[in-house]
Amino acid sequence: MINAPATAFDFDLWRANYDSMTYQDHLDTYSELWKLYPVQQHFDAEACRRFLDAVLPVHVTEIGGWDGELAGLMLKERTDALRGWTNVEICREAAEPLLPDVRYISVCNTREFIWDHPHIFGADTLVMSHSAEHMRWLQLQRIFTIGTMLRAVYLASPLPEDGSAPDWNHYPGTHILEVGWDAIGAFLGGLGFRQMDAP
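Residues numbered from 1 in each chain as written. Predicted model: local features only at pLDDT ≥ 70, side-chain atom pairs only at ≥ 80, totals over all residues. Heavy atoms only, no water.

Q: What is the right way to read the side chain of Arg15 from this model?
A: With respect to the secondary-structure elements, Arg15 resides in helix α1 (residues 11-17). If we skip the residues at most four places from it in the chain, Arg15 touches Arg136, Trp168, His170, Tyr171, Gly173, Thr174, His175 and Ile176. (Helix = DSSP H or I, 4+ residues; strand = E, 2+ residues; numbered from the N terminus. Contact = heavy atoms within 4.5 Å.)

Right, here's the structure in full:
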């Protein structure tokens, strides 16, 4: 959740315009949001750590990793087979800082949406911590299906615990995903993934 005066950014207007916005419009929006809310720390490091311990990834693609803080924490601890971590971030300003770990790459695609470009083809593990709710369901489905090498998906999101679809009306953030955990779980199950219990 973003803590700022309600007048700083009209999130409901953003949701109303989302489907008609160009990629450049989205880039510009996140540049504006960077100025208003530069600190975005929405992850549970312990939960991600346990997930990585269970799946032992070789290459991680993280979508929406902002400034790479979660990646930095995980890479610092992992001396196993993890050879690379790519953060694909829509906010240019957030993607600029580089981590000292040579296994880390931060990418801001300035031309097209992530679901239209196969950034994750080479990754065996996808990490999305509080980023799935910032896109439409069809877009999220596309991400899950273009990652043909994926064998594990870490997905954390502030969706209703009962599995129902969320209502983001008047929510102070760029959340727009129109389905809940039940639909996501069923879709991933249809792709052959099995659900792991959250730690």
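Q: Hey, could you run me through the pairing of strand β4 (residues 125-129) in this one?
A: Strand residues, when the strand is regular, have side chains that alternate between the two faces of the sheet. Burial within β4 is extensive, with 5 of its 5 residues counted as buried. Side chains Thr125, Val127 and Ser129 of β4 all project onto a buried face; the interleaved residues Leu126 and Met128 project onto the opposite face, where all are buried too. Bridge analysis of strand β1 (residues 59-63) against β4 gives 3 bridges, and the strand direction is parallel. Bridging across to β4, Val60 finds its partner in Thr125. (Buried < 20%, exposed > 50% of the residue type's maximum accessible area, 1.4 Å probe, protein only. Pairing = 2+ DSSP bridges.)

Q: Just checking my understanding: could you explain the nonpolar core for this structure?
A: If you look at the biggest cluster of nonpolar residues, it comprises 39 residues, and the most contacted ones within it are Leu126, Met128, Leu140, Ile143, Phe144 and Ile184. Among the elements of the structure, α1, α2 (23-36), β4, α6 (137-146), β5 (152-156) and α7 (181-190) are those that each provide at least two residues to this core. With sequence-adjacent residues up to four places away left out, Met128 is seen in contact with Ile63, Met135, Leu140, Ile143, Phe144, Tyr154, Leu155 and Ala156. One finds Cys48, Phe51, Val55 and Leu82 within the second-largest nonpolar core, a separate group that totals 18 residues. (Core = buried A, V, L, I, M, F, W, Y, C linked by side-chain atoms within 4.5 Å.)

Q: Looking at this model, I keep getting lost on unusual backbone geometry. Mind explaining?
A: Negative phi is the rule for most residues except glycine; trans is the rule for most peptide bonds. A positive phi angle is found at His130, which is not glycine, with a value near 60°. Mapped onto the fold, His130 is located in the loop between β4 and α6. Accessibility expressed as a relative area gives 26% for His130, which makes it partly exposed.

Q: Explanation requested: the packing of α6 against α7 in the structure shown.
A: Packed helices, taken two at a time, are described by the angle their axes make and the gap between the axes. For the pair α6 and α7, the least separation of the axes is 11 Å and the interaxial angle reads 30°. One way to sum up the angle between α6 and α7 is to call them roughly parallel. The handedness of the crossing between α6 and α7 is right-handed. Of α7, the residues touching α6 (which contributes Trp137, Leu140, Gln141, Phe144 and Thr145) are Ala183, Ile184, Phe187 and Leu188. Across the contact of α6 with α7, the residue classes break down as 7 nonpolar, 2 polar and no charged. (Axes fitted to C-alpha atoms, helices over the stretch in contact; angles between N-to-C directions. Parallel < 35°, antiparallel > 145°, perpendicular 65-115°, else oblique. Left-handed = near helix turned anticlockwise from the far one by under 90°. Nonpolar A, V, L, I, M, F, W, Y, C, P; charged D, E, K, R; others polar.)

Q: Before we go on, may I ask you to explain the confidence of the model for the chain in this structure?
A: Caution applies to low-pLDDT regions: their predicted coordinates should not be interpreted in detail. Confidence along the chain averages 88 in pLDDT terms, with 93% of residues attaining 70 or more. Here residues 1-6 is modelled with pLDDT under 50, and outside its nearest four sequence neighbours on either side it reaches 11 contacts, counting other chains as well. (pLDDT = per-residue confidence, 0-100.)

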